[in-house]
Amino acid sequence: MTDADDTPMTSAEETPSSDVARRSGVALWKQIAERIEADIAEGRLKPGARLPTEAELAERFGVNRHTLRRALATLTDQGFIEATPGRGTFVKEPPLRYPITPRTRFSEIVSGEGRAPGGRVIGSRIEAATADIAAALKVPTGTEVLRLDMLREADNVPLTVGTHWYIADRCRDLDFIAAATGSVTRALEALGLGDYRRLETRITARLADEEERDLLALAPGRTVMVVESINGDPKRQPIQFTRARFSADRVQLVVKN
């Protein structure tokens, strides 16, 4: 169908287009990538904007989808666009600035950046505290803890999947309240624990596993930042241990003194 330098094809999809110049010595896929990059740079495609479908772009440039996909892959590798499974391809927005402070609240941070926060519970259960969870919450190993798994978004783009553990006796029904409100902070407020403060934060990075790639709509080989945090009540007694995995290129963590 096509040769290495994308010379004109005989397929009906390769009809002439004023947007690309054939036999110019510049591969068609490269010309397409340059046109879309120019649209982004000159503001015709703004951050967060959804690109036309592959079929629409192929028709615009008069190429087949193989040629078009090579152009889109190049733009993805260069960080200009991002394909989100089930949603489409979007112009990448600048990473969301996410301050780590004594009072870190996801919804407030996302709203403060001009984006719409969202969240939903994806799982909850009572389990026995392992040694690391027990140490973080300052309870004996094996103590019953409530595990809460949540996916959080900004403008419907998944940013982080977090696993939270709470001492079960102190946080009964927190999972039901969080499921109803979509907010851990509101759930803790309903239980009289809204005035919590960050006691400790640990940040590492690694490749996203299969489940994280699925939940965060990440391509293979992408990285997550793992933020482990302990939050406590006004008496500095731990009430929450969290292990959050952030999409590394969608969030910029800012640690404040």
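Reading guide: rules and limits
- Residues numbered from 1 in each chain as written.
- Predicted model: local features only at pLDDT ≥ 70, side-chain atom pairs only at ≥ 80, totals over all residues.
- Heavy atoms only, no water.
- Helix = DSSP H or I, 4+ residues; strand = E, 2+ residues; numbered from the N terminus.
- Rg over C-alpha atoms; globule rule 2.2 N^0.38 Å.
- Buried < 20%, exposed > 50% of the residue type's maximum accessible area, 1.4 Å probe, protein only.
- Contact = heavy atoms within 4.5 Å.
- Areas by Shrake-Rupley, 256 points an atom, 1.4 Å probe, with all protein chains shown as cover.
- Lys, Arg positive; Asp, Glu negative; His and termini not counted.
- Charge placed at Lys NZ, Arg CZ, Asp CG, Glu CD.
- Pairing = 2+ DSSP bridges.
- Axes fitted to C-alpha atoms, helices over the stretch in contact; angles between N-to-C directions.
- Parallel < 35°, antiparallel > 145°, perpendicular 65-115°, else oblique.
- Left-handed = near helix turned anticlockwise from the far one by under 90°.
- Nonpolar A, V, L, I, M, F, W, Y, C, P; charged D, E, K, R; others polar.

Caption draft 1: Spotlight on the overall build of the protein chain. Tallying secondary structure elements over the protein chain gives eight helices and 10 strands in all. The globule rule puts the C-alpha radius of gyration for 257 residues at 18 Å, and the 23 Å found for the protein chain is more than 25% above it. The burial tally for the protein chain puts 46% of its 257 residues in the buried class. Long-range contacts, defined as pairs at least 24 residues apart, comprise 58% of the intrachain contacts of the protein chain with a sequence gap of at least 6. Looking at the protein chain as shown, the accessible area adds up to about 13,200 Å², and 50% of this sits on carbon and sulfur atoms. Taken together, the 37 basic and 38 acidic charged side chains of the protein chain have centroids lying 5 Å from each other.

Caption draft 2: How the structure looks around the sheet that holds strand β9 (residues 238-247). Pairing is antiparallel in the open sheet, where six strands are placed in the order β4-β5-β6-β9-β8-β7. The open sheet has two edge strands with one neighbour each: β4 (117-128) and β7 (197-207). For this sheet, the mean angle separating the axes of adjacent strands, direction not counted, is 15°. As defined by bridge partners, β7 adjoins strand β8 (residues 223-232) across 10 bridges and the pair is classed as antiparallel. Considered in β8, the bridge of Ala 205 is made with Met 225. Each of β4, β5 (144-154) and β6 (157-167) is contacted by helix α6 (residues 174-181), which is oriented at about 10° to β5, the strand it contacts most.

Caption draft 3: Quick peek at the pairing of strand β3 (residues 96-100). A large share of β3 lies buried, amounting to four of its five residues. Relative to strand β10 (residues 251-255), β3 runs parallel, the two sharing five bridges. Bridging from a neighbouring strand, Leu 96 pairs with Val 251 of β10.

Caption draft 4: Structural view of the packing of helix α1 (residues 28-41) against helix α3 (residues 65-77). Two numbers describe how α1 lies on α3: the axes approach to 8 Å, and their chain directions differ by 50°. Taken together, α1 and α3 sit at an angle that is classed as oblique. When the axes of α1 and α3 are compared, the crossing they make is right-handed. On α3, the residues that touch Leu 28, Trp 29, Ile 32, Ala 33, Ile 36 and Glu 37 of α1 are Thr 67, Leu 68, Arg 70, Ala 71, Leu 72, Thr 74 and Leu 75. Of the residues belonging to the contact of α1 with α3, the class tally is nine nonpolar, two polar and two charged.

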